[in-house]
Amino acid sequence: MKRYRILPTSALALCAALALMGARAAPAAAEEGVTADTIRVGMFGPLTGPVSIYGYPINDGALAVYKATNDAGGINGRKIEVIQEDDACDPAKSRAAVKKLISRDHVFAIHGGSCSGATFATRDTMIDEEVPFMVMAATLDKISLPVNRYVYTTTPPGTSDGAEIVRFIRSMPNVKRVGIVRHVDEWANAKMESINASLEQPGLTVVANEVLDRNATDATTQVLHLKAAKPDVVIFVTYPAEGAVFLRDARKYDLAGPFIGTNGVTDLLDLAQRAGGLNAATDVYATAFVAGPVGSPAMAASTALLKKYYPDDRPQSVSFYGMSGAYAVVDALRRAGPNLTRKAFLDALESTKNLPAGPAFCKINITPENHQGCLAQQMWTLRDGKIVALGETWSPTNPTN
Amino acid sequence: MMLEVRDLTAGYGHLRVLRGLSLDVPEGGVVALLGGNGAGKTTTMHVLAGLLAASGGHIRFRGESIRGLTSNRIFARGMTLVAQSRQLFPEMTVRENLEMGALVARTRREIAKLTDEVFDLFPRLLERVDNRAASLSGGEQQMLATGRALMSRPSLLLLDEPTTGLAPIIVHELGRILRRLNEGGLTILVVEQNVQMALKLADTVYVMRNGAVVMHAPASEVQDSAEMFRSYLS
Amino acid sequence: MVNLLTLLVAGLANGSLYALVALGLVLIYKTQDVVNFAHGEILMAGAFIGFSAYTFLHLPYGWSLVAAVLLGGLLGAVIERVAFRRVANQHHITLAMVTVGLSVLMKGLARIPFGRDINTYPPAFKADRVVLWGIPISPQHLLTIAMAASLAVALYLFFRFTALGKKMRATQQTIVGAQLVGINTGNVFASTWALAAMIGAAAGVLAAPLSLLYPDMGTNFLLKGFAAAVLGGFESVPGAIVGGFIVGVVEMLFGGFVSTVFQQVSAFFIIILVLFLKPDGLFGRRALARV
Ligand SMILES: Nc1ncnc2c1ncn2[C@@H]1O[C@H](COP(=O)(O)OP(=O)(O)OP(=O)(O)O)[C@@H](O)[C@H]1O
Ligand SMILES: [Mg+2]
């Protein structure tokens, strides 16, 4: 009896297998995540947990670029389909998210990662699985260094931001004594690494080096120590909330600037408001990765784009951090041609040249030797209640990179 | 009838303790509930006072069903329990403990009067009026627990082993006071291990074992058969 | 060198906030024998209620504080009634887990409307500092110190002289005893949660201008309040207040005279030390044999 059942069962199995193969074989493209009319891109970032405050705006900016690309007809006849995963800024979760995107969703490429630790944790997986990876907004250097065929970024890495700050300080006349207040985490440490290295060269001395914890609501001791050390300039490597706390207490205890912040506090008006008004942010500077302050003409097009797809998002600098990477991805997909393969895409990425980076100040340049596509930043400050980019006294690095 | 209990069942989780307990407490009477350790006496008192939910049966207090009422409702209807574990407020003074007993809807003057009455019954408490309850001796604590219950002017007083662990002289004193209270019109249901004391105090005795009443009789009829009770209690 | 008085004043100011947080923790702990890990989120909720009343409903500043305190109290009572009462007799580990779950839930809920931005809570006063006897202090800090001090007095009077206060004290000492004297302990639990939440919400409104406003703002304050409560013995209202001030001052002195590197955790070192020397905390009595 049993023997006779084998035949119909195997026939069924064969049919099923054929049907499946047929379904998979039907589209012209053979590459993972690519069909005749879609390209599947994975995205991850902190959508839950404390850092989701930055996670949504950053991802939304990138998503807006992809949506606009689709609405304009897509890329070589294909629409970009984004699958979003949450990493809650947690390395274990980001690894799991990336594994899921690769093995279950079969994405073509991944654009994501806004937290340094969580993003770095995925680097090896991307390389092992040979999945093209565009870093979203994480700044830790070792995510994109050493150069690897599969890993790219268009966000200035921490060390370049730090170096930029010291370069600016060196351009200030009569500045010798430097005070520092900083967080202790991967994000801040990356910036501190280059700041410390650059400060070691003669001419500048660090007279105070204070730690301000994340979520600190008071900076009394830090400010008093700095004040006692009489610095000519103070570097603060903090997030915006803590930066505001620091500036508030600096004002309270009469610690004078200039204060130089990282591109983490680019939104100087927000910073000033949180610190208790414009008065609290006199003589404050910050590096800026975006082309202009939110609301300025330089940002009008990108802001309109964001508003179109995410009308509920309040435009802030981080809203634009994910866009440059999306533009690089879209550009490379287009140049990779209709016969889209990962190899073609990677080749295209590695030949990105002078690509306008949307809301970012830089032009994107990627070569096989350099995968950090965007290093140029501006230095901003507040004048008469408005953010201005320094021009006359301070010449920014060559905007072509 | 002050209190009628019929077929009461109750327990703790899966453990069944009361298995169909019935008893009657006539108005103005003193009823003693006897039984060995673990018979379910305390459980009975807790169910009556609303500290523990019954799973079956009926409880009628002054003609009305009170089963399922919360402890504060039952208290408000005039039934007050002096728990075996006394449950005084350890950080409060003797006076504060007494005042807590009359907390529900009483005026200052009335509270003062009630407190004086309790001090009349238990002069020892007056001597220690400003001491914290935690610092009292066992006998004093029992007096305080009883006094606190009296502050609510209950019509039925439930006492769970009021004499356990007390010196004979205090046991005697307490018995005298309870009889005085009963003569003043207070109905009493008392759990006792001390058979002598129970028979002296009560009009009716109930003996329970394994969560049910195994016999009951007027105390006068069993004066001589203390031996028989002992056998039930063991 | 750093000015000792300045540090002391700043420490007292921060400490008064920790004290308020500790108060809420202690109240719940005394009645329900559980550390309420969701207390930080009650603080956060209070801050967001006040913020919404002020920025969206345009209530005056004072009234938005009142709204936060009242609605915060309501929130506390609802949490007790809906989430806590049915499990109140479970093991205290279970109860603690329930509060942890509540904390996660409340943060999650807050992220729906407020999760995409960090908001700013305006301080109660325009001036950002006044100078008293040469020491700069912000009016916001003065307000916090005043609030903590007056709340401490108000609580003392409440527990001493009001019927509800006495019922709460009775229930804290023995729940069964409270039931035996006819106290509706369910109401007492709900009122206790409401009271603790009102204090938490007030702390939230006071803390928000210092810390900025975001769904996770409560975590840090919970830790400091917890430290303060442990120092105070966790069962003592005055202990919570003094514990709060000590944590605030110790942090400042440590950061000021030793190093800012371990400033945030310095309070916890002190706690370990205190618990080592005096296991019941500075104000804890030896556990009394329950009568
Ligand atoms: N809270 C409780 N949880 C579980 N079981 C209990 C509890 N209280 C009592 N029991 C059990 O119920 C049974 C009856 O206990 P109960 O206290 O009612 O007895 P009792 O007659 O009062 O005894 P004793 O003379 O020792 O006071 C015992 O087996 C006891 O172990
Ligand atoms: Mg018993």
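Whatever comes next refers back to the structure up there.
Residues numbered from 1 in each chain as written. Chains lettered and ligands numbered in written order. Predicted model: local features only at pLDDT ≥ 70, side-chain atom pairs only at ≥ 80, totals over all residues. Heavy atoms only, no water.

## Focus: a nonpolar patch on the surface
All names here are of chain C.
Turning to step 1, where the next piece is worked out: A surface patch of nonpolar side chains, about 640 Å² in accessible area, is lined by F56, L57, L59, W63, V66 and L70.
Turning to step 2, where the next piece is worked out: With respect to the helices and strands, the residue L59 is situated in the loop between α2 (39-55) and α3 (61-84).
Turning to step 3, where the next piece is worked out: L59 sits in the partly exposed class, given a relative accessible area of 31%. (Patch = residues over 30% accessible without salt bridge, like charges linked within 9 Å, V, L, I, M, F, W, Y side chains within 5 Å. Areas by Shrake-Rupley, 256 points an atom, 1.4 Å probe, with all protein chains shown as cover. Salt bridge = Lys/Arg side-chain N within 4 Å of Asp/Glu carboxyl O. Helix = DSSP H or I, 4+ residues; strand = E, 2+ residues; numbered from the N terminus. Buried < 20%, exposed > 50% of the residue type's maximum accessible area, 1.4 Å probe, protein only.)

## Focus: the interface of chain A and chain C
Interface extent is often summarised as the accessible area lost during association of the parts.
Turning to step 1, where the next piece is worked out: Residue-level contacts link 32 residues of chain A with 33 residues of chain C.
Turning to step 2, where the next piece is worked out: With both chains or domains summed, chain A and chain C bury close to 3000 Å², and 52% of this area falls on carbon and sulfur atoms.
Turning to step 3, where the next piece is worked out: Inspection of the chain A/chain C interface yields 1 salt bridge.
Turning to step 4, where the next piece is worked out: Measuring nitrogen to oxygen at the nearest pair gives 3.1 Å for the salt bridge that ties R129 of chain C to D254 of chain A.
Turning to step 5, where the next piece is worked out: At the surface where chain A touches chain C, the tally comes to 12 residue pairs in polar contact (both at pLDDT 80 or more).
Turning to step 6, where the next piece is worked out: Of all the secondary structure elements, the ones that give two or more residues to the side of chain A that touches chain C are α2 (52-71), β7 (205-211), α9 (220-229), α10 (240-252) and α11 (268-274) of chain A. (Contact = heavy atoms within 4.5 Å. Buried area = accessible area lost by both parts, 1.4 Å probe. Polar contact = N/O pair within 3.5 Å; in protein donor to acceptor, adjacent residues only side chain to side chain.)

## A few points about the sheet that holds strand β8 (residues 187-191) of chain B
Sheet strands associate in pairs through backbone hydrogen bonding, adopting either a parallel or an antiparallel arrangement.
All names here are of chain B.
Turning to step 1, where the next piece is worked out: Pairing is mixed in the open sheet, where 6 strands are placed in the order β6-β7-β8-β3-β9-β10. Edge positions in the sheet fall to β6 (79-82) and β10 (212-218), since each has one partner strand and no second. Averaged over all pairs of adjacent strands, the angle between strand axes in this sheet comes to 15°, irrespective of strand direction.
Turning to step 2, where the next piece is worked out: Judged from the 4 bridges that link them, β6 and strand β7 (residues 156-160) form a sheet pairing that is parallel. For L81, the partnering residue across the bridge sits in β7 and is L158.
Turning to step 3, where the next piece is worked out: In the packing of helix α1 (residues 41-49) onto the sheet, contacts are made with β3 (30-35), β6, β7, β8 and β9 (204-209), and the angle to β7 comes to roughly 150°. (Pairing = 2+ DSSP bridges. Axes fitted to C-alpha atoms, helices over the stretch in contact; angles between N-to-C directions.)

## Describing helix α7 (residues 168-183) of chain B
Residues and elements named next belong to chain B.
Turning to step 1, where the next piece is worked out: The terminal C-alpha atoms of α7 lie 23 Å apart, and with 16 residues this matches the ideal 22 Å at 1.5 Å per residue to within 8%.
Turning to step 2, where the next piece is worked out: All of the buried residues along α7 are V171, L174, G175, I177, L178, L181 and N182. Burial along α7 is one-sided: seen end-on, the buried residues are contained in an arc of 165°. Residues of α7 that are exposed and point over 90 degrees away from its buried face: I169, H172 and E183.
Turning to step 3, where the next piece is worked out: G185 sits one or two positions beyond α7 and adopts a positive phi of about 110°. (Expected span 1.5 Å × (residues − 1). Arc of directions from axis to C-beta.)

## Focus: the site of ligand 1
Residues and elements named next belong to chain B.
Turning to step 1, where the next piece is worked out: Ligand 1 sits among 14 residues. The nearest are G38, G40, K41, T42 and T43.
Turning to step 2, where the next piece is worked out: One of the backbone nitrogen or oxygen atoms of A39 is found 3.2 Å away from an oxygen atom of ligand 1.
Turning to step 3, where the next piece is worked out: If ligand 1 stood free it would expose 630 Å²; the protein chains cover 60% of that surface.
Turning to step 4, where the next piece is worked out: Broken down by element, the shell around ligand 1 gets its largest block of residues, 3 residues, from α1.
Turning to step 5, where the next piece is worked out: Residues of the shell around ligand 1, tallied by class, amount to 4 nonpolar, 8 polar and 2 charged. (Near = heavy atom within 4 Å. Nonpolar A, V, L, I, M, F, W, Y, C, P; charged D, E, K, R; others polar.)

## Focus on the interface of chain C and chain B
Turning to step 1, where the next piece is worked out: Counting residues at the interface gives 20 residues for chain C and 25 residues for chain B.
Turning to step 2, where the next piece is worked out: Counting across the chain C and chain B interface gives 2 salt bridges.
Turning to step 3, where the next piece is worked out: A salt bridge links R169 of chain C to E96 of chain B; its shortest N-O distance comes to 3.7 Å.
Turning to step 4, where the next piece is worked out: Listed by contribution, the elements that provide at least two residues to the side of chain C that touches chain B are α6 (163-173) and α7 (175-180) of chain C.
Turning to step 5, where the next piece is worked out: Broken down by element, the side of chain C that touches chain B gets its largest block of residues, 6 residues, from α6 of chain C.
Turning to step 6, where the next piece is worked out: Taken together, the residues of the side of chain C that touches chain B sort by class into 9 nonpolar, 6 polar and 5 charged.

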